[in-house]
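Structural description and commentary
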Amino acid sequence: MRDVHRAISGWLALLGVTAEIDAAGNLRALYEAGGSAAPRLLIGSHLDTVPNAGAYDGILGVLLAIALIKGLAGRRLPYAIEIVGFSEEEGVRFGVPFIGSRALTGRLDAKLLDKRDARGFSVRDAIVEFGLNPHEVAEAHVSNDTFGYVEFHIEQGPVLDTLELPLAVVDAIAGQSRMEVTFIGRANHAGTTPMNLRFDAMAGAAEWIAAVEREAKGTSGLVATVGSVHTQPGATNVVAREARLSLDVRHRDDGVRKQAVQNLTQRAEKIAAMRGLSVSSVAHLDQAAVTMDPVLSDHIEQAIRKSGIKAHRMVSGAGHDAMVLAEKVPAGMIFLRTPGGISHDPAESVAVEDVEKAIECGLNLLDQLSASPSVETRTRRV
């Protein structure tokens, strides 16, 4: 991360912009406005990614922000632009996402600072180890003169590739439920226990996994995934005593999502009862859906059209820093096509011509916001 900060700071210095690192490890850089006491627009994304990742998730949004500053060629706007490269969005090390963006909204509290990684190091320890002061985290809070946040990000899915479109307006980010569901049966010898006398936790889990898929396919816009299954004792010749499964459910409508979770919980209970098993569930995440700011979204749609592209609006199934910033400031997102829909993998890619269109769209957006009468008044929301 030090190398990343050093590289980005060097590119910004060539544009006459100085970068700083706040107490949460976020890179912050301010391109001054044409006048004094001007409001500011945040543009950014995250610098971290997942293990065995691709080259564009997160960081492309930061580089596009720099490209927009370069595209202004020294021209000053009636508002300042603050570039933000968030330090930790994925939650890989500490199991909690959005640490960097939470600092900007005042949600990097003592409980989160005390969260520990697999080696026993806390977030607080990591901040100190990096040479920063956790007592200064409150100073990372988004400035009161901020009127909006814009994030460019690869889609990380196949929709735009299927539609053969380079860009889209993200008008909502889906809510998420994450749970752990455990079926408990009775372990027994696989060769000597007749099928009708088994209490097979894995068989119950398999029936429920199929029910999860049916629920998602039968509900418009719903996605549901069982991505992890652990069995005990986990031997090939033993009927499983325990099957522990993850469940991830997402939808733009929180009511639909929560109803689906309730349906699946009840279905697990019925399957367990019919098979002589017991079942329990633990909720790990209940993240509300977030609607992007309608005014910013309209401006983004107009900017896309001005770039000669058919405007398309869509929901993000993945979480982004924009959903955290939206708690404090109006937020908008622009998706870039992900060829093949491949992300979180070294095969992740982006088309150069799509990046060119994103820069064109971004410059159109900056000019539109310069002429918008709402820029000055929207800072009151912070």
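Before reading further, recall that the structure is shown in the block above.
Described below are features of the structure shown in this document. Because the structure is predicted, anything quoted here is derived from the model rather than measured.

What counts and how
- Residues numbered from 1 in each chain as written.
- Predicted model: local features only at pLDDT ≥ 70, side-chain atom pairs only at ≥ 80, totals over all residues.
- Heavy atoms only, no water.
- Helix = DSSP H or I, 4+ residues; strand = E, 2+ residues; numbered from the N terminus.
- Rg over C-alpha atoms; globule rule 2.2 N^0.38 Å.
- Buried < 20%, exposed > 50% of the residue type's maximum accessible area, 1.4 Å probe, protein only.
- Contact = heavy atoms within 4.5 Å.
- Areas by Shrake-Rupley, 256 points an atom, 1.4 Å probe, with all protein chains shown as cover.
- Lys, Arg positive; Asp, Glu negative; His and termini not counted.
- Charge placed at Lys NZ, Arg CZ, Asp CG, Glu CD.
- Polar contact = N/O pair within 3.5 Å; in protein donor to acceptor, adjacent residues only side chain to side chain.
- Axes fitted to C-alpha atoms, helices over the stretch in contact; angles between N-to-C directions.
- Parallel < 35°, antiparallel > 145°, perpendicular 65-115°, else oblique.
- Left-handed = near helix turned anticlockwise from the far one by under 90°.
- Nonpolar A, V, L, I, M, F, W, Y, C, P; charged D, E, K, R; others polar.
- Patch = residues over 30% accessible without salt bridge, like charges linked within 9 Å, V, L, I, M, F, W, Y side chains within 5 Å.
- Salt bridge = Lys/Arg side-chain N within 4 Å of Asp/Glu carboxyl O.
- Phe/Tyr/Trp six-rings, centres within 6.5 Å; stacked < 30°, edge-to-face > 60°.
- Expected span 1.5 Å × (residues − 1).

Focus on the overall build of the chain
Secondary structure assignment for the chain yields 12 helices and 16 strands. Here the C-alpha atoms of the chain give a radius of gyration of 24 Å, agreeing with the 21 Å that 2.2 N^0.38 yields for 382 residues. Projected onto the principal axes, the alpha-carbon positions of the chain cover approximately 80 × 45 × 40 Å. Of all 382 residues assigned to the chain, the portion counted as buried reaches 49%. Put simply, 78% of the contacts in the chain that link residues at least 6 apart link residues at least 24 apart. Total accessible area computed for the chain in this model is approximately 17,300 Å², and 51% of it derives from carbon and sulfur atoms. The centroid of the 39 positive side-chain charges in the chain is displaced by 4 Å from the centroid of its 47 negative side-chain charges.

Considerations on the side chain of arginine 40
Positionally, arginine 40 belongs in strand β3 (residues 40-46). Of note is the side chain of arginine 40, whose polar atom sits 2.9 Å from the side chain of glutamate 82. Every residue in contact with arginine 40, bar those within four places of it in the chain, is listed here: Leu30, Ala80, Glu82, Ser143, Asp145, Thr146, Phe147 and Gly148.

Quick notes on the environment of proline 294
Tracing the backbone shows proline 294 in helix α9 (residues 294-306). Taking C-alpha positions, proline 294 is 8.2 Å from glycine 332, a pair spaced 38 residues apart along the chain.

Some details on the packing of α9 against helix α11 (residues 352-370)
Relative to each other, α9 and α11 sit at 130°, their axes nearing to 8 Å. Put simply, α9 runs oblique to α11. Here the hand of the crossing between α9 and α11 comes out right-handed. Here α9 contributes Leu296, His299, Ile300, Gln302, Ala303, Ile304 and Lys306 to the contact with α11, which in turn contributes Glu360, Cys361, Asn364, Leu365, Gln368 and Leu369. Considering only residue class, the contact of α9 with α11 consists of seven nonpolar, four polar and two charged.

A closer look at the environment of glutamate 180
Considering the arrangement of structural elements, one finds glutamate 180 in strand β7 (residues 175-184). Relative accessible area serves as the criterion here: at 29%, glutamate 180 is assigned to the partly exposed category. Along the backbone, glutamate 180 and glycine 91 are 89 residues apart, and their C-alpha atoms lie at a distance of 18 Å. Every residue in contact with glutamate 180, bar those within four places of it in the chain, is listed here: Arg244, Leu245, Ser280, Ser281, Val282 and His284.

Quick look at a nonpolar patch on the surface
A contiguous nonpolar surface patch, about 340 Å² in accessible area, is contributed by Trp11, Leu14 and Leu63. Along the chain, leucine 63 turns up in helix α2 (residues 59-72).

Description of the packing of aromatic side chains
Counting across every chain of the model gives three aromatic pairs. With 5.3 Å between their ring centres and 75° between their planes, tyrosine 79 and phenylalanine 147 make a pair best called edge-to-face. Of the two residues, tyrosine 79 sits in the loop between α2 and β4 (80-86) while phenylalanine 147 sits in strand β5 (residues 146-154), which places them 68 residues apart along the sequence. The same class applies to tyrosine 79 and to phenylalanine 147, which are both buried.

Description of the pattern of salt bridges
Inspection of the entire model under this criterion finds 28 salt bridges. A salt bridge links aspartate 117 to arginine 93; the shortest N-O distance between them is 2.8 Å. Note that aspartate 117 is positioned in the loop between α4 (110-113) and α5 (123-129) and arginine 93 in the loop between β4 and α3 (99-104), a separation of 24 residues in sequence. Accessibility expressed as a relative area gives 10% for aspartate 117, which makes it buried. A salt bridge links aspartate 254 to arginine 257, with the nearest nitrogen and oxygen atoms 2.9 Å apart. With a gap of three residues between them, aspartate 254 and arginine 257 both fall in helix α8 (residues 254-275), about one helical turn apart.

Quick notes on the environment of histidine 230
With respect to the secondary-structure elements, histidine 230 resides in strand β10 (residues 229-232). With relative accessibility at 43%, the residue histidine 230 sits in the partly exposed group. Once the C-alpha coordinates of histidine 230 and methionine 202 are considered, the two residues, 28 residues apart in sequence, prove to be 9.3 Å apart. Not counting the four nearest positions on each side in its chain, histidine 230 is found in contact with Glu242, Ala243 and Arg244.

Let's talk about the packing of helix α7 (residues 201-217) against α8
Where α7 meets α8, the closest approach of the two axes is 10 Å, and the angle between their N-to-C directions is 150°. Overall, the two elements α7 and α8 adopt an arrangement that is roughly antiparallel. Crossing angle aside, the handedness with which α7 passes α8 is right-handed. Residues Ala203, Gly204, Glu207, Trp208, Ala211, Val212 and Glu215 of α7 pack against Ala260, Asn263, Leu264, Arg267, Ala268, Ile271, Met274 and Arg275 of α8. Looking at the contact of α7 with α8, its residues break down into nine nonpolar, two polar and four charged.

A short note on α2
It helps to recall that an α-helix has 3.6 residues per turn; residues three or four apart then point in one direction. In this model, α2 (14 residues) spans 20 Å end to end at C-alpha, consistent with the 20 Å of a helix rising 1.5 Å per residue. For α2, the buried fraction is high: 10 of the 14 residues fall into the buried class. After α2 finishes, the residue alanine 73 shows a positive phi value of roughly 55°.

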